[in-house]
Each structure stands twice: as structure tokens, then as C-alpha cells.
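Letter by letter, the chains look like this.
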Amino acid sequence: MNIVLGITGGIAAYKAPDLVRRLRERGGDVQIVMTTSAEEFVTGTALQAVSGRPIRSNLWDKEAEAAMSHIELARWADVVLIAPATAEVMARIVSGGAPDLLTTICLATEAPIAVAPAMNHVMWNNPATQANRRVLEERGVHILGPGVGSQACGETGAGRMIEPDAIATAVFDLGTSKGEGLLAGKKVVITAGPTREPIDPVRYISNRSSGKMGYAMARAAIAQEADVVLISGPVNLPEPAGVEVHSVLSAQDMYEATHDAIEDADIFISAAAVADYRPADVKAQKIKKNDESMSIELVRCPDILASVAALDTGPFTVGFAAETEKVDDYARSKLEKKKLDMIIANRVGDDCGFDTDDNSVNVFWTDGERRFPTARKSELARNLIELVAQRFYAARGTDTQPRLTVVSNIE
Ligand code: C5P
């Protein structure tokens, strides 16, 4: 695997030679691109010795550019990895600026980009850094870590670069998906986001779902080379690259779009927060406030998930269960009642589950379960998609047993 390893100016750069060694042990060909500030923390001489290739750092180095230009380097890469990644480089990639060789390569490459953030915990938690992190994730950049623990500044918190071995493992997982993704050739239909059930022309009933989990699942399925159809309620998220997106509003619309897409699907993942009830009668004109109280009669919406699970030759069916109490019990009974292959359960409430970037889930299937501690939805989705693929192949009786790799954000 051809790896462009970008090293930026953080104290964790002292771990870069070890990281290079671990990438090379796994068969990686590593081309290092350093920023000027990285040179303050680690020497090019050491890195050149371990990587076996001349270090690149200057966009305007005529000799190096003549040998392999920045565009050729961007094309050569199977993966661009930035470790350590400072808050500054994350911000620069978000902005699309390209003032140096590393950010120019990021802009010019079509290869997956992975970044391993490393910074003081206050810098990591700063709203600006978190906003940049979210944008990068939404654009499909893989964020590896950071870990939680003691920091070079003497403080403790989230911001440590995860260990070189974990970074190397994660990078090779991205690379191996080239031409041999766990879901290559499989069609995956995913629902995401809330639904809107109209009351009158200006009002509707909806819920707090942001769609982030379903969108993260779609991105993770694409990374495993599935053909992904995403049926999305109204959300404020960019469309994931490579995904066929159908936008819908009501539960009935979502039901119809799902059944249109499901016929030749291998896997159905129902991550949407579909309304259970809708107003029986949608008023043609805006309802006026006359009385002290009013009531709206509600009728049941179709249960999309149960209807797919009931199909004779339906896909491998995965539901979500968002609960405020007795999460495991309710999830297990839903698994049975709706005749699902798998259910992913999470607690929701004021501070967890909905419209957050983190989630923790428990997954159940007929004769097994797995618990995933709190992690960012993107990271969780990667692990969940691997588990879904594993259970899908087991249910279909094939030998394919995908590897399970968990990039932990906790040290
Ligand atoms: O029964 P409950 O709504 O808790 O089940 C949640 C699961 O069922 C989720 O996967 C959700 O996407 C799905 N669901 C559905 N159609 C509904 C209600 C829920 O597909 N009308």
C-alpha cells in the first residue's frame, strides 16, 4: 500500500519513526511529507532512515518536484495519513487552502484521507476544532482517535494521539477495502433521519433525530464498497459521496421509497426515527386558535422495518431501538416481535443519542450480543457495519468472516 504520511507540528511527532516502522512492517511503502513546524519536533534524518525514502516538505523544491510532482504524489497514494494532525492542519483542510505540500496533496488526492489528531485537550474541545472535525467526518475523512489520557502539557483529557500500532491497523483497514470491501457487490438500503407528519399546511409532528447515525452508517457501508441507497427524512447533513439518496418527508413516503428500493437489496438498515402516528386528517387551511384546548386524532403509520422483515425473500434486516429506559429488554423484545436479524439499541434522552456526535450501543441478534462503549458515531458506524457484514455472511451460511477492528478512543 502506498501511504503518504503527513507529519505536522505536535509533540506526538516524536512517535512518527515508530509509526513508520509499523506501517512498513505491514507492507506499506511510506512517503513522508513534513510541515515546517513538524521539523521542530522530529528530524528529517531519522524519518528518512526509517522510511527509506527522501523526505518531502517543500512545495517549491524543484528537484523533488521534477522526480515526483505533488500531483503525482497525490495520485500515487492509496491512503493519505496525517499523524499527528494538529488543530491547524484540520482547519486548513476544512478551508480547502493549500499553502504547503501536505495540504496541496490533500486537495489533489482521490485516495481516502485519515487523520490522527494530537493536541491539548482544550484545543481539541474548542468549538472551532469540533466543528472542523464534524466537517471532515461529513466529507468522509477518517478521524482516528484521539485518545484520552495524560498529555505532554501535564494535563489530562482527550487529545492524545492514539498509539502508532492502532493507527497502522486502522490505515490498513481503509486500504484493504480497495477492491475487497466486506460488502463489495452487496446492495444496502438505509433509512435515516426523522419523518414529518403534516397537521396543516404550516405545522407538522416530528422528532429530534438528526440523521447523523444513519448517514454515518451509509458512509461506512460505502467504505466497504456496498451499493448504498439512503432514504432520508429531512436533515441538515451533506449527501455522502457515492450514495444514492432519496429524500422523503412523511412515514408513508419513506415506506414507499423503501419498498421501491428493497427488492434486490441484501441488507436493510432501519436507522430512521419514523413517526408511529400521524394526524388522521390533514387540514387544507391553517388551523386557527379559537378554543382553550384542542385535540388532534392520530392514526398509526406503517411500520417500515416490520414490513421489510416480513417479506418472504427479504434482505438481512437490522433495526435500531432508541429507548429512554430498559434499553436491553425492549430491544430484545423488538428483535423477536418484528422478526429482525439484528437490533442496535441505544439510550436516548436529554444528553445522549439524539443530535449528538457520540453514541454507545448494545447490539443483539438471536444467539449473541455485542456492546460498544461510547464513541463518535462515525467510528461506531465503521464497527457496526463490520459486525452487520459478519452476521449477514453468517446468516447466509458463507465462510466470509470479516475481521473486526475497533479503533478505541479510550486508552
Ligand atoms: O417500534 P420502534 O419504533 O421502537 O422500533 C424502532 C425501529 O423500527 C427503528 O429501526 C425504526 O427505524 C423502525 N420503525 C419503522 N417504522 C415505524 C416505526 C419504527 O421502520 N413506523
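Residues numbered from 1 in each chain as written. Predicted model: local features only at pLDDT ≥ 70, side-chain atom pairs only at ≥ 80, totals over all residues. Heavy atoms only, no water.

## Let's talk about the domain arrangement of the protein chain
Phase 1 of the analysis: Taken domain by domain, the protein chain consists of domain 1 (2–174) and domain 2 (187–407).
Phase 2 of the analysis: Summarising the inter-unit geometry, the C-alpha centres of domain 1 and domain 2 are found 34 Å apart.
Phase 3 of the analysis: Between domain 1 and domain 2, the contact holds 15 residues from the first and 11 residues from the second.
Phase 4 of the analysis: Both sides together, the interface formed by domain 1 and domain 2 hides about 1,100 Å², and carbon and sulfur atoms give 47% of it.
Phase 5 of the analysis: Among the residues of domain 1 in contact with domain 2, Glu137, Glu138 and Asp173 are the three that bury the most area, contributing 46% of the side total.
Phase 6 of the analysis: Taken together, domain 1 and domain 2 are joined by one salt bridge.
Phase 7 of the analysis: Its salt-bridge partner being Arg376, residue Glu137 comes within 2.9 Å of it at the nearest N-O pair.
Phase 8 of the analysis: Run the count over domain 1 and domain 2 and you get four residue pairs in polar contact (both at pLDDT 80 or more).
Phase 9 of the analysis: Residue contributions to the side of domain 1 that touches domain 2 peak at four residues, all from helix 8 (residues 127–138).
Phase 10 of the analysis: Residue composition of the side of domain 1 that touches domain 2, by class: six nonpolar, four polar and five charged. (Domains from an automatic or database assignment. Contact = heavy atoms within 4.5 Å. Buried area = accessible area lost by both parts, 1.4 Å probe. Salt bridge = Lys/Arg side-chain N within 4 Å of Asp/Glu carboxyl O. Polar contact = N/O pair within 3.5 Å; in protein donor to acceptor, adjacent residues only side chain to side chain. Helix = DSSP H or I, 4+ residues; strand = E, 2+ residues; numbered from the N terminus. Nonpolar A, V, L, I, M, F, W, Y, C, P; charged D, E, K, R; others polar.)

## Brief notes about helix 11 (residues 251–262)
Phase 1 of the analysis: Taking 1.5 Å per residue, 12 residues should reach 16 Å; helix 11 reaches 16 Å between its end C-alpha atoms and fits that length.
Phase 2 of the analysis: When we look at burial in helix 11, the residues that qualify are Ala251, Met254, Ala257, Thr258, Ala261 and Ile262. Looking down the long axis of helix 11, one finds its buried residues gathered within 130° of arc, a one-sided arrangement.
Phase 3 of the analysis: Summarising the contacts, the buried residues of helix 11 are in contact with strand 8 (187–192), strand 9 (197–200), strand 11 (227–232), strand 13 (267–270) and helix 12 (304–309). (Expected span 1.5 Å × (residues − 1). Buried < 20%, exposed > 50% of the residue type's maximum accessible area, 1.4 Å probe, protein only. Arc of directions from axis to C-beta.)

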